[in-house]
Amino acid sequence: MIGKGVIGGRIVYFGVQMQTNWTAPGDQGTLQGNLNVALNSNNNMFVPTITYSIRNGRLPQNSGNPGSMVDGAGLSNIKGVSQGIQIAGQGNGVQNGMTLNIVKGTPASPNVGNSWAPGATTQQQGDVTMAVQPGQLSMLISNGANTVQQGIGAAGAYQLAQIASNGNIVSNEMHMTLGMDTAATRNISQQQLQSILQSAMPTPLQ
């Protein structure tokens, strides 16, 4: 995914950060997955920087409550932004959050952990799977009965939490940043920003 567009100003940066915090019953600590893709301009070239971090990479394996069922297949037909929470257990707290931040200039790329291995399309550690593929960026965490995922690609951005056991606390967050040329940020309408974002999302990583 490469930010691009010259409508009302030149994009100098497009970035996506995904973070999931998950505490499960019997867990010794909160599992955290963090995936960041930042695209900074270097003269006329966009240079992707991919970093990730995983803390407490395994959740206690869980079975769903008898008779419980979750099915988010219909969300795959949505174009644009989709958020889903399906809960078939008790005592759970789940939230999805998504933000788009417009800034002037090129923000610094956050250092969230390890650099992505060149040529690798998938990183897996414990219950966390992160994928960077042409036109698709995603993170999935699963411990048997429960799955939490989020991603961004040609169809748009999505977040889905499917919880079939009890007592899980999940926070699923996605933050997108557009950095604009400081000399050309005035008089940019919301419609123009949406057009820029649409052109930025689907393009494969270089």
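About the thresholds
- Residues numbered from 1 in each chain as written.
- Predicted model: local features only at pLDDT ≥ 70, side-chain atom pairs only at ≥ 80, totals over all residues.
- Heavy atoms only, no water.
- Helix = DSSP H or I, 4+ residues; strand = E, 2+ residues; numbered from the N terminus.
- Buried < 20%, exposed > 50% of the residue type's maximum accessible area, 1.4 Å probe, protein only.
- Contact = heavy atoms within 4.5 Å.
- Pairing = 2+ DSSP bridges.
- Axes fitted to C-alpha atoms, helices over the stretch in contact; angles between N-to-C directions.
- Phe/Tyr/Trp six-rings, centres within 6.5 Å; stacked < 30°, edge-to-face > 60°.
- Core = buried A, V, L, I, M, F, W, Y, C linked by side-chain atoms within 4.5 Å.
- Polar contact = N/O pair within 3.5 Å; in protein donor to acceptor, adjacent residues only side chain to side chain.
- pLDDT = per-residue confidence, 0-100.

(A) Structural detail: the overall build of the protein chain. Helix and strand counts for the protein chain stand at one helix and twelve strands. Helices and strands in the protein chain line up, N terminus first, as β-β-β-β-β-β-β-β-β-β-β-β-α. A burial count over the protein chain gives 45% of its 206 residues as buried. Intrachain contacts of the protein chain at a sequence separation of at least 6 include 66% that bridge at least 24 residues.

(B) A look at the sheet that holds strand β7 (residues 122-125). With respect to topology, six strands assemble into an open sheet ordered β4-β11-β10-β9-β8-β7, the strand pairing being mixed. Single-partner strands in this sheet number two, and they are β4 (80-87) and β7. On average, adjacent strands in this sheet sit at an angle of 5 degrees to one another, irrespective of strand direction. Of the pairings in the sheet, the one linking β7 to strand β8 (residues 128-133) comprises four bridges and is antiparallel in character.

(C) The arrangement of the packing of aromatic side chains in detail. Overall, the coordinates contain one aromatic pair when judged by the stated rule. Pairing Y52 with W116 gives two aromatic rings, centres 5.7 Å apart and planes at 80 degrees, and the pair type is edge-to-face. With Y52 in strand β3 (residues 45-55) and W116 in the loop between β6 (114-115) and β7, the pair connects residues that are 64 residues apart, well separated along the chain. W116 shares its class with Y52; the two are buried.

(D) Fine view of the nonpolar core. Ranked by internal contacts, the top residues of the largest apolar core, which has 30 residues, are V16, W22, L35, M130 and L137. At the level of secondary structure, the elements contributing two or more residues to this core comprise β1 (11-23), β2 (31-42), β3, β8, β9 (136-142), β10 (147-153), β11 (156-163) and β12 (169-180).

(E) Region of interest: the environment of D127. Inspection of the secondary structure puts D127 in the loop between β7 and β8. The class of D127 is buried, set by a relative accessible area of 8%. For the pair formed by D127 and R58, sequence separation is 69 residues and the distance between their alpha carbons is 5.2 Å. Setting aside anything within four residues of it in sequence, one finds D127 in contact with G57, R58, L59, Q61, L140, I141, S142 and N143. A polar side-chain atom of D127 sits 3.3 Å from a polar atom in the side chain of R58.

(F) A look at unusual backbone geometry. A positive phi angle, close to 50 degrees, is found at N56, a residue other than glycine. Position of N56 relative to the elements: it lies in the loop between β3 and β4. Residue classification places N56 among the partly exposed positions, given a relative accessible area of 40%.

(G) Molecular detail of the side chain of N143. On the secondary structure map, N143 appears in the loop between β9 and β10. You can call N143 buried: its relative accessible area is 0%. With residues near it in sequence (within four places) discarded, N143 still touches W22, L59, P60, Q61, N62 and D127.

(H) Representation of the side chain of N168 in the model. Along the chain, N168 falls in the loop between β11 and β12. Setting aside chain neighbours within four positions, we find N168 in contact with W22, T23, A24, P25, G91, N92, G93, N146 and I163.

(I) Expanded view of the pairing of β10. Of all seven residues that make up β10, seven are buried, and the element is covered over most of its length. Side-chain alternation along β10 places T147, Q149, G151 and G153 on one buried face and V148, Q150 and I152 on a second face that is also buried. Here β9 folds back onto β10 in antiparallel fashion, the turn holding four residues, of which G144 has a positive phi close to 105 degrees. Direction of pairing for β10 relative to β11: antiparallel, over a ladder of seven bridges. Paired with Q150 across the strands is Q159, a residue of β11. Between β10 and β11, which follow one another and run antiparallel, lie two residues.

(J) Main features of the confidence of the model for the protein chain. On average, residues of the protein chain score 79 in pLDDT, and 74% of them reach the 70 mark or higher. Confidence over residues 1-7 falls short of pLDDT 50; this stretch has 31 contacts with residues more than four positions distant or in other chains. This stretch, residues 200-206, has a pLDDT under 50; its non-local contacts, to residues over four places away or in other chains, come to 28 contacts.

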